[in-house]
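Chain and residue survey
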Amino acid sequence: MTDIKKIKTALISVYHKNNLEGIVNRLHLLGVQLISTGGTKSFIESLGVPVTSVESLTGYPSILGGRVKTLHPKIFGGILSRRENSDDLSQLSEYQIPEIDLVIVDLYPFESTVSSGAPEQEIIEKIDIGGITLIRAAAKNFKDVVIVPSQNEYLKLLDILEKQEGQFSLEERKWFAGKAFSVSSHYDAAIFNYFNQHEEGGCERVSLNHGQVLRYGENPHQQAVFYRFANASSGAMLSDAQVLQGKALSYNNMLDADAAWKAASDAFHSVQHIKNKVAVAVVKHLNPCGLAVTDSIVESLELAWAGDPISAYGSIICFTDTVTEEVALWFDKKFVEIMIAPGFSENALAVLRKKKNLRLLVTPVKEEVTHEKLYRSISGGMLIQDEDEGLDIQFEQVTEKGFDQEKADLAKFGVTACKYLKSNAIAMVTRNQNGGFWLTGAGMGQPNRLDSLRQLTMPRFHLKEGVRLDDSVLVSDAFFPFRDSIEAANEYGVKYIVEPGGSIRDQEVIEACNAFGIAMVFTGRRHFKH
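First things first, this report covers the structure right here in the doc. (Residues numbered from 1 in each chain as written. Predicted model: local features only at pLDDT ≥ 70, side-chain atom pairs only at ≥ 80, totals over all residues. Heavy atoms only, no water.)

The next subject is the sheet that holds strand β20 (residues 437-443). One open sheet holds the twelve strands; their spatial order is β10-β15-β14-β13-β11-β12-β20-β19-β21-β22-β23-β18, and the pairing between them is mixed. Bordering the open sheet on either side are β10 (242-245) and β18 (396-397), each of which pairs with just one other strand. Two elements, β18 and strand β23 (residues 519-522), share two bridges in a ladder whose sense is antiparallel. For E396, the partnering residue across the bridge sits in β23 and is F522. Across the sheet, helix α11 (residues 251-270) lies against β11 (278-284), β12 (287-294), β13 (315-319), β14 (336-341) and β15 (359-362), angled at about 150 degrees from β11, the strand it touches most. (Pairing = 2+ DSSP bridges. Helix = DSSP H or I, 4+ residues; strand = E, 2+ residues; numbered from the N terminus. Contact = heavy atoms within 4.5 Å. Axes fitted to C-alpha atoms, helices over the stretch in contact; angles between N-to-C directions.)

By the element assignment, T9 lies in strand β2 (residues 9-14). Classification of T9 as buried rests on a relative accessible area of 7%. Once you skip the residues sitting within four places of it in the chain, T9 turns out to touch V32, Q33, I35, E99, I100, D101 and L102. (Buried < 20%, exposed > 50% of the residue type's maximum accessible area, 1.4 Å probe, protein only.)

Attention shifts here to the packing of helix α17 (residues 484-491) against helix α18 (residues 506-516). Where α17 contacts α18, the axes come no closer than 9 Å and their chain directions differ by 20 degrees. Taken together, the axes of α17 and α18 lie roughly parallel to each other. Two packed elements cross with a definite hand, and for α17 against α18 that hand is right-handed. Between α17, through I486, E487 and N490, and α18, the contact on the second element is made entirely by V509, A512, C513 and F516. Of the residues that constitute the contact of α17 with α18, the class distribution is five nonpolar, one polar and one charged. (Parallel < 35°, antiparallel > 145°, perpendicular 65-115°, else oblique. Left-handed = near helix turned anticlockwise from the far one by under 90°. Nonpolar A, V, L, I, M, F, W, Y, C, P; charged D, E, K, R; others polar.)

Our focus in this paragraph is the pairing of β23. Residues A519 and V521 of β23 are buried on one face, and the alternating residues M520 and F522, pointing to the opposite face, are buried as well. Across four bridges, the pairing between strand β22 (residues 496-499) and β23 is parallel. If you follow Y496 over to β23, its bridge partner there is A519. Each parallel crossover has a hand, and for β22 linked through α18 to β23 it is right-handed. (Right-handed = clockwise from strand over helix to strand, strands pointing away.)

Looking along the chain, the bond that leaves S423 and enters N424 is cis, with omega of -10 degrees. With respect to the helices and strands, N424 occurs in the loop between α15 (405-419) and β19 (426-431). We note that N276 has phi near 55 degrees; this positive angle belongs to a residue other than glycine. Take N276: it is sitting in the loop between α11 and β11.

What follows is about a nonpolar patch on the surface. Among the surface-exposed residues, V206, L208, V213, V225, Y227, Y375, M382 and I384 lie close enough to one another that they form a single nonpolar patch of about 660 Å² accessible area. Mapped onto the elements, V206 comes out in the loop between α10 (170-195) and β8 (212-213). Residue classification places V206 among the partly exposed residues on the basis of a relative accessible area of 37%. (Patch = residues over 30% accessible without salt bridge, like charges linked within 9 Å, V, L, I, M, F, W, Y side chains within 5 Å. Areas by Shrake-Rupley, 256 points an atom, 1.4 Å probe, with all protein chains shown as cover. Salt bridge = Lys/Arg side-chain N within 4 Å of Asp/Glu carboxyl O.)

Using the criterion set out here, one finds 19 salt bridges in the structure. Close ionic contact of R82 with D88 constitutes a salt bridge, the shortest N to O distance being 2.7 Å. Accessibility expressed as a relative area gives 42% for R82, which makes it partly exposed. Residue D101 is joined to R83 by a salt bridge in which the shortest nitrogen-to-oxygen separation is 3.5 Å. One end of the pair, D101, is in the loop between α5 (86-94) and β5 (102-106); the other, R83, is in the loop between α4 (73-80) and α5, and 18 residues separate them in sequence. Here the two residues D101 and R83 agree in accessibility, since each one is buried. Through salt bridges with shared partners, one network takes in R83, E99 and D101.

Hydrogen bonds along the backbone pair up the strands of a sheet, which may run parallel or antiparallel. The strand order across the open sheet formed by five strands is β4-β3-β2-β5-β6, and the pairing between neighbours is parallel. A strand with exactly one partner marks an edge of an open sheet, and here the two such strands are β4 (52-53) and β6 (146-148). As defined by bridge partners, β2 adjoins strand β3 (residues 33-36) across four bridges and the pair is classed as parallel. Within the sheet, the bridge partner assigned to I12 lies in β3 and is S36.

Another point: the nonpolar core. In terms of nonpolar packing, the biggest core is built from 56 residues, with L27, L34 and I104 touching the most fellow members. In terms of residue count, α10 provides more of this core than any other element does, seven residues in total. Dropping the residues within four chain positions of it, L27 is found in contact with A10, I12, V32, L34, L102, I104 and L161. Listed in part, the 52 residues of the second largest apolar core include A348, A489, V494 and F522. (Core = buried A, V, L, I, M, F, W, Y, C linked by side-chain atoms within 4.5 Å.)

Let us look at the environment of N448. With respect to the secondary-structure elements, N448 resides in the loop between β20 and α16 (449-456). With 23 residues separating them along the chain, N448 and A425 place their C-alpha atoms 9.3 Å apart. In terms of polar contacts, N448 uses its side chain to reach the backbone amide nitrogen of L450, at 3.2 Å. One polar contact links the side chain of N448 to the main-chain amide nitrogen of D451, over a distance of 2.8 Å. (Polar contact = N/O pair within 3.5 Å; in protein donor to acceptor, adjacent residues only side chain to side chain.)

Residues L20, I23, V24, R26 and L27 constitute the buried set of helix α1 (residues 20-29). One side of α1 carries all its buried residues, which in axial view fall inside an arc of 165 degrees. In this structure, the buried residues of α1 make contact with β2, β3, α2 (38-46), β5 and α9 (154-164). Note on α1: the residue one or two positions beyond its end, G31, has a positive phi of about 80 degrees. (Arc of directions from axis to C-beta.)

So, about the state of the cysteines. One pass over the full model with this rule turns up zero disulfides. C418 carries a free sulfur, and the closest cysteine sulfur to it, the one in C289, is 15 Å from it. Residue C418 is classed as buried on the basis of its relative accessible area of 1%. (Disulfide = S-S within 2.5 Å.)

Take α17 next. All of the buried residues along α17 are S485, I486, A488 and A489. End-on, the buried residues of α17 take up no more than an arc of 160 degrees, which puts them together on one face. Close packing links the buried residues of α17 with α16, β21 (473-476), β22, α18 and β23. A positive phi of about 90 degrees marks G493, the residue just after α17.

Right, here's the structure in full:
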């Protein structure tokens, strides 16, 4: 058996016809007999190229509204027959089945139909049956058959047809077979995920294609690739952001940009009393070092930056409104890695283009709830959980002193700020004289909550204009297990605390607050972030 196979007969059944014309014409010039059906057959005929219909070959018409066209022994026998097997060849001769050497398929667009929001019946009709079966059959018999499983392989096929006069090596046929099983497995995963109800003990199918190789991973000696989830959400995704300028995003850039976008968006949703509100998040190493919501993009930026101006150097900034020329000029002497916003004015772009390495990303504000899943690998496995989405709505007063409406509004913003800090996390939030909210201190990433609180209450708090600890709200991402954290907060003059509650020592903590005249509310929802 020779390793080289020359194409004599080709079956073509595709959805997308782009770049198909050159292939059809080249096959015709090489004297290849073409077999087709439906819209593909009409397309080939429109090119003036002779084509044999599947129906005339099988003796059966396309039935059930086109659901059954190629599913017939005269088609699959010609694909699956082993050319070196005398019994197979004898049966081909007996039943007058032609050998098929090349199969070109492009499946119904199931994923794009789902993402378009089409009704279920339309989605179901886009589950390809004949096409996926052709792909698997031809790929299984790669020793004798070339399978082209999607439009992504059209140009590769055409290149070989032109350079090698329709001859394919075993290595090339096996390469196409690998692509075929990649297409079929991804297609099946997409269909499964549409039907998957995430029942207890259920299954997950993660299929990733078209990876973008990054410069390196978390560190220069680590390799990294970015994959986009197909149909990750019906809403905006940072992975869909338009990059206007700057060098390629790194692994760390992507993580920080995602954190900034989510923090700014959630902060925007958490504040209800401000009209024409604008949120700004400043993120460094996945932690917000600045976060603010006011009715002015410049004021929000100034407050967010003032939250921790030292850490803000080299940070990622996200805005929930269009960046103006005034904002762009504000960064004249400042260095940031990335700016994210729903848009940039032309004047702003003219200013920011002078910073050639600055990355500018355009994406809408994230929806409050997207039902996105979070995937995280461990050694030998993968963890999957729901995104920590939605706003806390329960604020139960548990102390003698309570929160007024102004402090309750500030508390909602504070919970959002705190949940984006690495655990153990403590956030201090303040209302400025204009009614805006900002993150005035953050303690995070410590193995015990008391240390996070002590890091938070540094002397620099008292250097911030307009910050009074007795008028601010302290938020914890989880319960205080002992009263020592309350004692430490009292030393710094804190008078308002928010925590989830749920400790066996909740009463001890509440009694400490009452003794110090501190108001405390329980939210009932923990926000650990590891």
